[in-house]
Amino acid sequence: MRLADRTRHLTPFKVVDFIQAAVELQAQGRDIVRMAIGEPGFATAGPIVESAKQALAEGKTFYTPPCGIPELRQAIADYYQQRYGLTIDPQRIIVTTGSSAALGMICDLLLNPSDGLLMSDPGYPCNPNFVRRLDAEPQFVPVDPSGNYQLTAELVASHWQDNTVGVMVASPSNPTGEIISRDNLAALYREVSDRGGNLIVDEIYHGLTYGNEPVASILEITDGAFVVNSFSKYFGMTGWRLGWMVIPEGLTDTINVVAQNFYISSPSVAQYAALAAFEPETISILEQHRDEFKKRRDFLVPALRELGFGVSHVPEGAFYVYADVQAFTDDCEAFCWHLLYEHGVACTPGTDFGHHRANHHVRFAYTEPLDRLKLGVERIRQALSQVA
Ligand SMILES: Cc1ncc(COP(=O)(O)O)c(C=O)c1O
């Protein structure tokens, strides 16, 4: 069958193959420690579920306005006020079908065919595909532990090309969990805007950070950037498919046309459910989850280091450790398949996240409880002792 050329340029999400294989092994009765999937293992917080039940009982199952129900846009604005001390006009807040839809719509808004968008390598695997879908060009910038695996103003300056129109970053990032400091974020914005480009900041892992200082939002620095966020990670609502973006003033009518055409609206029940996401009772549950993630990180990083994995810096956010496996292998995919089939541990090969030294990396997600992570580490210890 004749398919559009772009279908050949889209790259698969390798982690899905590992998750699928893990599910099949579990169905055969194998116990698998699942450190591959990027979603919190906690059930959605009770008040959110109750709010959804109420919405269903009240028949709130119809299309909503394309940019989201006004109550939720206001609730998100209030959250920015409480959490960051920022006043954001709810008109600039657009509710989306997961942050995936936000990423796609921002690309729709900014990219013409052949335009380039700079992004880090390694980075979130879907980002290049949002760009390729528009026949535009993902432009990869290799990053490494010396710069916390993040783009800087200097890297942007040295990789900017004639067709580059913007930069996409995530802080904290997937797969590394590393953040961009406030100063670096400000310098990045200056560099991009001086070049007439746009900056997109994915803040989907905000809330899941473990340092003493809150991670800076680009909104504290400027109203001129595009911000992506989601109910998936901190709010624990992956399957509800709900996210949001904050866009610069004056673009709401344009994005409204994009949203109404491509999505009509985001899921209505999920939107009413999410109204409870900002209630103090919910936030206190989510903060307990965050504390639990921190404990897991504080166990996993030293445990992996002790086994010989390279983790140069303790990641400050998200729920990932991006570990250097060069001491064990030059082929991270074979390494991950071996860990899965022979030792019952699922993790994600670095090749899912780009090309730069990808074969020498594996991403471990600490989304399973601490006792399961301890079991996973013991199994990895065994695997490595057999190789040695
Ligand atoms: C950095 C990053 N951005 C965006 C997404 C998309 O998430 P969702 O569409 O569930 O909001 C993910 C999912 O893992 C992610 O890691």
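Before reading further, recall that the structure is shown in the block above.
Residues numbered from 1 in each chain as written. Predicted model: local features only at pLDDT ≥ 70, side-chain atom pairs only at ≥ 80, totals over all residues. Heavy atoms only, no water.

Visitor: Would you explain the side chain of serine 171 in this entry?
Guide: With respect to the helices and strands, serine 171 occurs in the loop between β5 (164-170) and α8 (182-194). Note on serine 171: relative accessible area 1%, which makes it buried. In this structure the side chain of serine 171 is engaged in a polar contact, spanning 2.9 Å, whose partner is the backbone nitrogen of isoleucine 180. Apart from residues lying up to four places away in sequence, serine 171 is in contact with Gln150, Glu178, Ile179, Ile180, Asp202, Glu203, His206 and Val215. (Helix = DSSP H or I, 4+ residues; strand = E, 2+ residues; numbered from the N terminus. Buried < 20%, exposed > 50% of the residue type's maximum accessible area, 1.4 Å probe, protein only. Polar contact = N/O pair within 3.5 Å; in protein donor to acceptor, adjacent residues only side chain to side chain. Contact = heavy atoms within 4.5 Å.)

Visitor: Could you clarify how one ought to interpret empty space enclosed by the protein in this entry?
Guide: It is a probe the size of a water molecule, rolled over the atoms, that shows where empty space is left. Under the criterion given, the structure shown has 4 cavities of 30 Å³ or more. Put simply, the largest cavity is a space of about 50 Å³. What lines the largest cavity is simply Tyr79, Arg83, Tyr84, Ile204, His206, Gly207, Asn229, Ser230, Tyr234 and Phe235. Looking at the lining of the largest cavity, the elements with two or more residues in it are α4 (70-84) and β7 (226-230). The biggest single contributor to the lining of the largest cavity is α4, with 3 residues. Residue composition of the lining of the largest cavity, grouped by class: 5 nonpolar, 4 polar and 1 charged. (1 Å grid on protein atoms, 1.4 Å probe; cavity = no way out; pocket = protein on both sides within 12 Å on 5 of 7 lines; lining within 4 Å. Points joined across faces, edges and corners; volume = space filled by probe spheres on them. Nonpolar A, V, L, I, M, F, W, Y, C, P; charged D, E, K, R; others polar.)

Visitor: Honestly, the layout of surface pockets in this entry has me stumped. Any pointers?
Guide: Approximately 510 Å³ is the volume found for the largest pocket. Lining the largest pocket are 29 residues; nearest its centre among them are Phe13, Gly38, Tyr124, Tyr205 and Lys233. Every element with two or more residues in the lining of the largest pocket is listed here: α2 (14-27) and α5 (98-110). If one sorts the elements of the lining of the largest pocket by residue count, α5 sits on top with 4 residues. Tallied by class, the residues present in the lining of the largest pocket amount to 15 nonpolar, 8 polar and 6 charged. Of the residues that make up the lining of the largest pocket, three or more belong to each of domain 1 (6-43 + 282-387) and domain 2 (46-279). As a volume, the second largest pocket reaches approximately 340 Å³. Looking at the second largest pocket, it is lined by 26 residues, and the ones nearest its centre are Pro125, Pro128, Asp352, Phe353 and Gly354. When contributions to the lining of the second largest pocket are tallied by element, the ones reaching two or more residues are β3 (116-121), α6 (126-132) and β5. Along the lines of polarity and charge, the residues of the lining of the second largest pocket split into 12 nonpolar, 10 polar and 4 charged. (Domains from an automatic or database assignment.)

Visitor: Any chance you could explain the sheet that holds β5 here in plain terms?
Guide: Consider a sheet: its strands pair through backbone hydrogen bonds, and that pairing is either parallel or antiparallel. Read across the sheet, 7 strands follow the order β2-β8-β7-β6-β5-β3-β4 without closing on themselves; strand pairing throughout is mixed. Sheet topology places β2 (93-96) and β4 (137-142) at the edges, where each strand pairs with a single neighbour. Sheet twist, expressed as the average angle between the axes of neighbouring strands with direction ignored, equals 25°. Bridge analysis of β2 against strand β8 (residues 243-246) gives 4 bridges, and the strand direction is antiparallel. Across the sheet, valine 95 pairs through a bridge with tryptophan 244, a residue of β8. (Pairing = 2+ DSSP bridges. Axes fitted to C-alpha atoms, helices over the stretch in contact; angles between N-to-C directions.)

Visitor: Please explain the packing of helix α3 (residues 46-57) against helix α11 (residues 280-307) as it appears in this structure.
Guide: When two helices pack together, you describe them by how their axes are tilted relative to each other and by the distance separating the axes. Viewed as axis vectors pointing N to C, α3 and α11 meet at an angle of 135°, and their least axial separation amounts to 8 Å. Considering the angle they form, α3 stands oblique to α11. When α3 is examined against α11, the residues Gly46, Pro47 and Ile48 are found in contact with a partner set consisting of Glu281, Thr282 and Ile285. Counted by class, the contact of α3 with α11 contains 3 nonpolar, 2 polar and 1 charged residues. (Parallel < 35°, antiparallel > 145°, perpendicular 65-115°, else oblique.)

Visitor: How should the site of the ligand be read in this particular structure?
Guide: Taken together, the neighbourhood of the ligand is formed by 13 residues, with Ser100, Asp202, Ser230, Ser232 and Lys233 sitting nearest. At a separation of 2.8 Å, an oxygen atom of the ligand approaches a polar side-chain atom of asparagine 174. The separation between a nitrogen atom of the ligand and a polar side-chain atom of aspartate 202 is 2.6 Å. Within the complex, the protein chains bury 92% of what would otherwise be the 400 Å² of accessible surface of the ligand. Because more than half of its atoms lie within 2 Å of the grid, the ligand is assigned to the largest pocket. Sorting elements by how many residues they give to the shell around the ligand places α5 first, with 4 residues. Along the lines of polarity and charge, the residues of the shell around the ligand split into 4 nonpolar, 6 polar and 3 charged. (Near = heavy atom within 4 Å. Areas by Shrake-Rupley, 256 points an atom, 1.4 Å probe, with all protein chains shown as cover. Sits in = over half its atoms within 2 Å of the grid points.)

Visitor: Hey, could you run me through the nonpolar core in this one?
Guide: One recurring pattern in soluble globular proteins: nonpolar side chains tend to sit buried together. If you look at the biggest cluster of nonpolar residues, it comprises 99 residues, and the most contacted ones within it are Tyr80, Leu199, Phe231, Phe235, Phe309 and Phe364. Lining this core are residues from two domains, each supplying at least three of them: domain 1 (6-43 + 282-387) and domain 2 (46-279). If sequence neighbours within four positions are ignored, phenylalanine 235 has contacts with Ile48, Tyr79, Ser230, Trp244, Ala277, Phe278, Ile283 and Leu286. If you look at the next biggest cluster of nonpolar residues, it comprises 25 residues, including Ile94, Ala101, Leu103 and Met168. (Core = buried A, V, L, I, M, F, W, Y, C linked by side-chain atoms within 4.5 Å.)

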